[in-house]
Amino acid sequence: MANMDVRVKPGILDLGSVSYGFDLCFFRRFFRLTKVMFPQVKASSVLLFFALLLVCLLEQVIIASVGVIPSKFYKVLGDKDATGFKHEIIMASILIISIAFVKSTHQYMASLLYVFWRKLITKYIHKLYFRDILYYKVNILTKGIDNPDQRITQDVDRFCLNLSQIAPLIIISPFTIVYYVYQAWMSTGYIGPVSVFIFFIVITIINKFLMSTVVKFYMQQERYEGDFRFKHMQLRVNAESVAFYRSGRLEWDKTNKKLNTLLNTQQKLVLKEYALNFSINMSDYVGSILSYLVLAVPIFAGAYDSLSPSDLSALISQNAFVCIYLISCFTKLIDSSVQVTDIVGTTHRIVQLVEALDHYASLQKDDGLEDSTLVFTSGNEMESESRGTAVTFCSSASKPDVNYVYDLNNVSYALPSGDVMLKNLTMQILPGVNVLITGDSGCGKSSLLRVLHKLWPILSGSIEVNVQPGPVGAIYLPQKPFFTNGTLREQIMYPYKLVNSPAMSNVDHKLQQYLELADLNSVYYRLGGLDMKDDINWYDVLSPGEMQRLSFVRLFFHQPKFAVLDEATSAIGLTAERAMYEKCHEFGITVISVGHRDSLKAYHDCQLHLDGKGGWTLNDIVHINQ
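Keep in mind the model is a prediction, meaning the values are calculated, not measured. (Residues numbered from 1 in each chain as written. Predicted model: local features only at pLDDT ≥ 70, side-chain atom pairs only at ≥ 80, totals over all residues. Heavy atoms only, no water.)

S.K.: For this particular structure, what's the right way to read the sheet that holds strand E15 (residues 616-620)?
M.R.: Two orientations exist for strands paired in a sheet by backbone hydrogen bonds: parallel and antiparallel. If you walk across this open sheet you meet the six strands as E10-E12-E13-E8-E14-E15, and the pairing is mixed. With partners counted over all chains shown, the strands left at the sheet margins are strand E10 (474-477) and E15, one partner each. Across the sheet, the mean angle from the axis of one strand to that of its neighbour is 15 degrees, orientation sign disregarded. (Pairing = 2+ DSSP bridges. Helix = DSSP H or I, 4+ residues; strand = E, 2+ residues; numbered from the N terminus. Axes fitted to C-alpha atoms, helices over the stretch in contact; angles between N-to-C directions.)

Following this line, the structure appears as structure tokens:
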């Protein structure tokens, strides 16, 4: 990745220093986005963009006609020509209606193009972001990509909006400038166009330096804006815990610190923009005076002494419009500097995220642990969507004698920070043999689960996996379950993508049985059934115990060969815990559990204990029949 100082630490990608200027890196990144916005010649965005350019050209033609209206009125009024006056009134009315229609069409098409572009770029990033587990890596294992959610939502939105507004201007301006340069040359000679060009070059050089400093602070502002928003989101998600702690004042202080950091950066940005805005405003007013200066030269030189007063007034008005509009064409480009800085900043942020995703994708190994989106079609049949069923890393098809689920050989792993958590772990996890992982908090129990699921890399050794992650092979139940937006049915069947099918009703009775087994009938009736209220915030509706029991309902519905339970019963009672594990045994689900309760030993065959210093012990659990 050009202009990226990429450093790879144990388990983490550090992007290091990144270029954020108005430079070649920007143009390279911008060109990459244009290939997304215009995917093919016949794409809707391409056709709409060229239609917008034609409307802009028509707008310029009508503006040129509207611009000479005052000179014509000077002429007919100076000559007291009533018939000519009526004719000019009719023509002016037609032109005013035409320019209003064309300008409105221009705005409508620009807004439509903004929507098209946002759709194309966002879906392109989504395709990369949700590929395998790249969303996890870029959020957890990457240093230098702040707030990916903000980049995908707000930054893409601002980029497309600003570009849709100024892109036609930038493209049409050269043609408009050439036309009005010719007209100005005919009116004032070489002095008019040369003066305007010198004026534009000087202002452009000044603004180039001013824009570079603004972009830097814009990038910082966007980062701190995301941090401030995330802090509020964190409080919203954990409002109950904060209320129990009565820690609102502390969170108030922490949130204000995020706000102060953001506001201090915004103040610096405003100060940097002050100089840029001063230059822009100065150019606007100097440009208007410059038009009269270049007109004064031929007038005082006597070039128009032969004209009557009315003809001279009409000529001055016409020539003034030509020179003023030529300067306006340049000043519009100068005025767009603020929007250009936004485009430069958002381009860097968007493509930097894409480059990080590309980096991870290039390192992606075909280990058979990719996501496989499944569509629910009937009570017992599932079909794969998009990629087909993924192939396991060490499938029974390639090794008929394999009977293990996981085979770890001298595996060592560390935290992303580099602290080694476990050394030289060698063990096999077999079907039907339940494993309990114990140890003090922070000893690396959950880290081992991440290593087994290929979320984290290992330092040394090897891991062979003979189970497909997901609802078919192995399901992961965390201490705090994840619930997506959707109905109760969708939570239970997650991660299956549901489709309307007559066969869907065949599973309702089974779902209700599982809910009853988990003592969640009250939730079923409280929500009005399986398919009511799909806009629920499940973390507000369910208690921690209900969330854990609902995650077991999900497990019972899928009935995979294997389940990883990370403190999955910590919020439920011993009776409910026994019922959950007994049901797993009844369904033939092999489990790996992480937990601290002594009661868990009754449901497992061996215990892996981690001491937090890299050491480990593996022992059978002896069950004494009462």
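So much for the structure itself; the text now carries on.
S.K.: Any chance you could explain the sheet that holds strand E7 (residues 420-429) here in plain terms?
M.R.: Judged by pairing direction, the sheet is antiparallel, and its three strands sit side by side in the order E7-E6-E9 without closing on themselves. Two strands lie at the open edges of the sheet, namely E7 and strand E9 (460-465), each paired on one side alone. On average, each strand axis in the sheet is tilted by 20 degrees relative to the strand beside it, whichever way the strands run. Taken together, the six bridges between strand E6 (residues 406-414) and E7 define a ladder with antiparallel strand orientation. By the bridge assignment, Ala414 is partnered in E7 with Val420. The strands touched by helix H12 (residues 445-452) within the sheet are E6, E7 and E9, with E6 carrying the most contacts at an inclination of about 120 degrees. (Contact = heavy atoms within 4.5 Å.)

S.K.: Hey, could you run me through the packing of helix H4 (residues 82-129) against helix H11 (residues 337-363) in this one?
M.R.: The packing of two helices is summarised by the inter-axis angle and the distance between the axes. Two numbers describe how H4 lies on H11: the axes approach to 10 Å, and their chain directions differ by 30 degrees. One finds that H4 runs roughly parallel with respect to H11. With respect to the hand of their crossing, H4 and H11 are arranged in left-handed fashion. Facing Ile121, Tyr124, Ile125, Leu128 and Tyr129 of H4, the residues of H11 in contact are Ile350, Leu353, Val354, Leu357 and Asp358. Residue composition of the contact of H4 with H11, grouped by class: nine nonpolar, no polar and one charged. (Parallel < 35°, antiparallel > 145°, perpendicular 65-115°, else oblique. Left-handed = near helix turned anticlockwise from the far one by under 90°. Nonpolar A, V, L, I, M, F, W, Y, C, P; charged D, E, K, R; others polar.)

S.K.: What is the right way to read the pattern of salt bridges from this model?
M.R.: Side chains bearing opposite charge may pair, as long as their charged atoms lie close to each other. For the structure shown, the criterion picks out 17 salt bridges. In this structure, Arg349 engages Asp146 in a salt bridge whose closest nitrogen and oxygen atoms are separated by 3.2 Å. With Arg349 in helix H11 and Asp146 in the loop between strand E3 (142-143) and helix H6 (148-188), this residue pair connects regions lying 203 residues apart in the sequence. Using a relative accessible area of 17% as the deciding quantity, one classes Asp146 as buried. In this structure, Lys231 engages Glu251 in a salt bridge whose closest nitrogen and oxygen atoms are separated by 2.8 Å. Here Lys231 is found in helix H7 (residues 191-237), whereas its partner Glu251 is found in helix H9 (residues 248-300), with 20 residues between them in sequence. With respect to burial, Lys231 and Glu251 carry one shared label: buried. Via salt bridges that share partners, Asp146, Arg151, Asp155 and Arg349 belong to a single interconnected network. (Salt bridge = Lys/Arg side-chain N within 4 Å of Asp/Glu carboxyl O. Buried < 20%, exposed > 50% of the residue type's maximum accessible area, 1.4 Å probe, protein only.)

S.K.: So what exactly am I meant to see when it comes to the nonpolar core here?
M.R.: Considering soluble globular proteins, one finds that nonpolar side chains tend to be buried as a cluster. Counting 108 residues, the largest nonpolar core has Ile121 and Tyr406 as its most contacted members. For this core, the element with the most residues is H4, which contributes 13 residues. Beyond its immediate sequence surroundings of up to four residues, Tyr406 is in contact with Met427, Gln428, Ile429, Leu452, His453, Glu464, Val465, Val467, Phe562 and Ile592. Residues Met493, Ala518, Phe556 and Tyr581 belong to the second largest nonpolar core, which totals 39 residues. (Core = buried A, V, L, I, M, F, W, Y, C linked by side-chain atoms within 4.5 Å.)

S.K.: Just to check I follow, could you spell out the side chain of Thr487 for this structure?
M.R.: On the secondary structure map, Thr487 appears in the loop between E10 and helix H13 (488-493). Residue class for Thr487 comes out buried when judged on its relative accessible area of 9%. Here Leu530 takes part through its backbone oxygen, which lies 3.4 Å from a polar atom of the side chain of Thr487. (Polar contact = N/O pair within 3.5 Å; in protein donor to acceptor, adjacent residues only side chain to side chain.)

S.K.: Help me out: how do you make sense of the environment of Ile140 in this one?
M.R.: Looking at where Ile140 falls in the secondary structure, it is placed in helix H5 (residues 134-140). For the pair Ile140 and Pro416, spaced 276 residues apart in sequence, the C-alpha separation works out to 8.9 Å.

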